[in-house]
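What the coordinates show
Residue strings, one per chain:
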Amino acid sequence: MKSKTRLTGRVIFKGDPGYDTARKNWDPHTDRFPKVFVFAQRTQDVANAIKWARENNVPIRPRSGRHALETNLSQVNGGIVIDVSDMKKIRLNKKCGTVVVETGNRVGRIVHSLARQGYIAPFGDSPSVGIGGITPGGGIGPLQRTVGLICDNLIALEMVDAKGRVIRANKKKNADLLWATQGGGGGNFGVYTKYKLNVLRAPDQATVFRVTWPWEQFERIVKVWQRWAPSIDTRLGSELSVGPKKGGNVVMLGMFLGSKTEALRLLQPIISVGTTTSKVIKQLPYTEAVTFMLAPDPILPQKFSNQFSSGFGRKPFPDQAFKTMREFLEKAEANSPAGFFFLNWGGAISRVRPKDTAFYWRKAKFYVEWNSSWVNPSDAATNIALTRETRQKLLPYIVGSYINVPDQGIKNSGPVYYGKNYARLRKIKTKYDPKNVFNNPQSIPPL
Ligand SMILES: Cc1cc2nc3c(=O)[nH]c(=O)nc-3n(C[C@H](O)[C@H](O)[C@H](O)COP(=O)(O)OP(=O)(O)OC[C@H]3O[C@@H](n4cnc5c(N)ncnc54)[C@H](O)[C@@H]3O)c2cc1C
């Protein structure tokens, strides 16, 4: 290919050694055959890759932790993947209560590194998710009711734009880009290379819990959980998962930033429902508590492919929604990671107004996602359809959808992901990427 700019960094073209490893995302369903992977070692490598792509008319996909949950987001056939995962510096400034992380870090690396130094970094249910992708989409997890979403803690950033220019944004400079990066989703405006985040002092100890029930009791548990979890002390974050009928169970995992005695009192209304099959509730030093929550998960490759969909519940599910849930869980593939997942909302998330950041869906009671999984590619269509039909049936009981857990079956998805912030996001997109160089199937189009 003829071009003025040379690719720099660790460059792997199709056919080079390491190409097959480079194209393994977390979900095999999202693997593609790009023309080239550039593993940037520094911001300039990102800039060169963008310029090279523009000169050669090659589609671009930024990538960090490879955990994209839909197709053509962090890989595209014939394209260039600008992968920041070799850029992993973490710089904590204790005096200012901030940390600067390069966007190639995985969430777990940041969480453990900060915990060892006595600080909290928000996290979700997997240590291997990339900070590069999770932050601009929002970043939800069990600490969010105390510390807010990951994007709520974002105070500055560095990004390379469509012309290969390094742009810095904070509350004073390019504040619109900072706003858009707090919920607008990755892959829309440029390639992020650094995030500066606020951090809080961690408590010495925290209480973690994992409680399980038989699958057959899921309706009773979810009914009580949907009333209990959103209104409980905001220091308590709780995730509730319900697996497929064949081989699945009900699991509540969570963390309370307080003592075990207090946690037991708060948990009583939910753990007294039905008959629990296991119950682990322990007070641990904070460093061990985060290890309990972020159990190592397989980074790559995953056996199962998935179709996810997501939304936010403003009210507890009525009986009709439970009927839909049951139908889904009865049809989902046996002994697979398919299922429903709920996370309690409120606290710090709801204290931010919906228009203060691009992340709009702040007034909910809980977050909900469901996924159908398969191993054999010939089972993909049935499972994708099952997830999407379930979305149609649940629409009366949910609002919106979470851009980090996207579903490309959603038509006219802008207002669904971004509510009333969509119009402003389009204006900001037009300012920073008018030619729509950074695009994917549901990205924000310029005006
Ligand atoms: C096992 C698993 C657990 C998860 N748990 C949670 C959770 O608890 N909480 C939660 O909020 N989400 C969770 N997610 C969803 C996750 O937030 C999204 O999938 C997120 O987009 C992944 O980011 P990534 O960098 O790992 O993925 P990638 O595949 O690398 O990228 C995903 C998207 O972000 C863009 N992107 C990545 N890096 C950059 C960058 N440097 N600049 C610009 N755009 C970029 C990509 O272009 C793509 O559109 C989970 C996903 C998985 C697979």
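Keep in mind that this is a model prediction, so the values were computed, not measured.

Some thoughts on the domain arrangement of the chain
Taken as a whole, the chain is organised into domain 1 (10–83), domain 2 (90–202 + 421–432) and domain 3 (205–397). Put simply, the middle of domain 1 and the middle of domain 2, counted by C-alpha atoms, are 21 Å apart. The interface of domain 1 with domain 2 comprises 14 residues on the first partner and 18 residues on the second. Contributions of two or more residues to the side of domain 1 that touches domain 2 are made by helix H2 (43–56) and strand S3 (60–63). Sorting elements by how many residues they give to the side of domain 1 that touches domain 2 places H2 first, with 5 residues. Within the side of domain 1 that touches domain 2, the residues separate by chemical class into 7 nonpolar, 4 polar and 3 charged.

Some details on the site of the ligand
Gly 65, Gly 124, Gly 130, Gly 133 and Gly 186 are the nearest of the 35 residues found near the ligand. Contributions of two or more residues to the shell around the ligand are made by S3, helix H4 (131–137) and strand S10 (191–198). Its residues placed into classes, the shell around the ligand shows 12 nonpolar, 19 polar and 4 charged. Residue-level mapping places the shell around the ligand at the junction of two domains, with at least three residues from each of domain 1 (10–83) and domain 2 (90–202 + 421–432).

Some thoughts on helix H12 (residues 380–394)
With 15 residues, H12 should cover 21 Å at 1.5 Å per step; its first-to-last C-alpha distance of 21 Å lies within 8% of that length. Residues of H12 that are buried include every one of Asn 383, Ile 384, Leu 386, Thr 387, Thr 390 and Leu 394, and no others. For H12, the angular spread of the buried residues around the axis is 155°, confining them to a single face. Exposed residues lying more than 90 degrees from the buried face of H12 are Ala 381 and Gln 392.

What about unusual backbone geometry?
Even without a glycine there, the phi angle at Asn 335 is positive, about 50°. Structurally, the position occupied by Asn 335 is in the loop between helix H10 (319–331) and strand S17 (339–344). When the 11 C-beta atoms within 10 Å are taken as the criterion, Asn 335 is described as exposed. Not every positive phi belongs to a glycine, and Asn 412 is a case in point at roughly 45°. As for its placement among the helices and strands, Asn 412 is situated in the loop between H12 and helix H13 (414–418).

Side note on the sheet that holds strand S13 (residues 236–242)
For sheets, the rule is that strands pair by backbone hydrogen bonds, running either parallel or antiparallel. Taking strand neighbours across the sheet as the criterion, the 7 strands line up as S15-S12-S14-S13-S17-S18-S16 in an open arrangement whose pairing is antiparallel. The outermost strands of the open sheet, each flanked by one partner alone, are strand S15 (278–285) and strand S16 (305–313). In this sheet, adjacent strand axes meet at a mean angle of 15° when their direction is disregarded. In this structure, strand S12 (residues 205–214) lies alongside strand S14 (residues 249–256), joined through 8 bridges in antiparallel fashion. Across the sheet, Thr 207 pairs through a bridge with Phe 256, a residue of S14. Sheet contacts for helix H8 (residues 260–271): S12, S13, S14 and S15; angle to S15, the most-contacted strand, approximately 155°.

Each value, and the rule that gives it
- Residues numbered from 1 in each chain as written.
- Predicted model: local features only at pLDDT ≥ 70, side-chain atom pairs only at ≥ 80, totals over all residues.
- Domains from an automatic or database assignment.
- Contact = placed C-beta atoms within 7 Å.
- Helix = DSSP H or I, 4+ residues; strand = E, 2+ residues; numbered from the N terminus.
- Nonpolar A, V, L, I, M, F, W, Y, C, P; charged D, E, K, R; others polar.
- Near = placed C-beta within 6 Å.
- Expected span 1.5 Å × (residues − 1).
- Buried ≥ 20, exposed ≤ 12 C-beta atoms within 10 Å, placed from the backbone.
- Arc of directions from axis to C-beta.
- Pairing = 2+ DSSP bridges.
- Axes fitted to C-alpha atoms, helices over the stretch in contact; angles between N-to-C directions.

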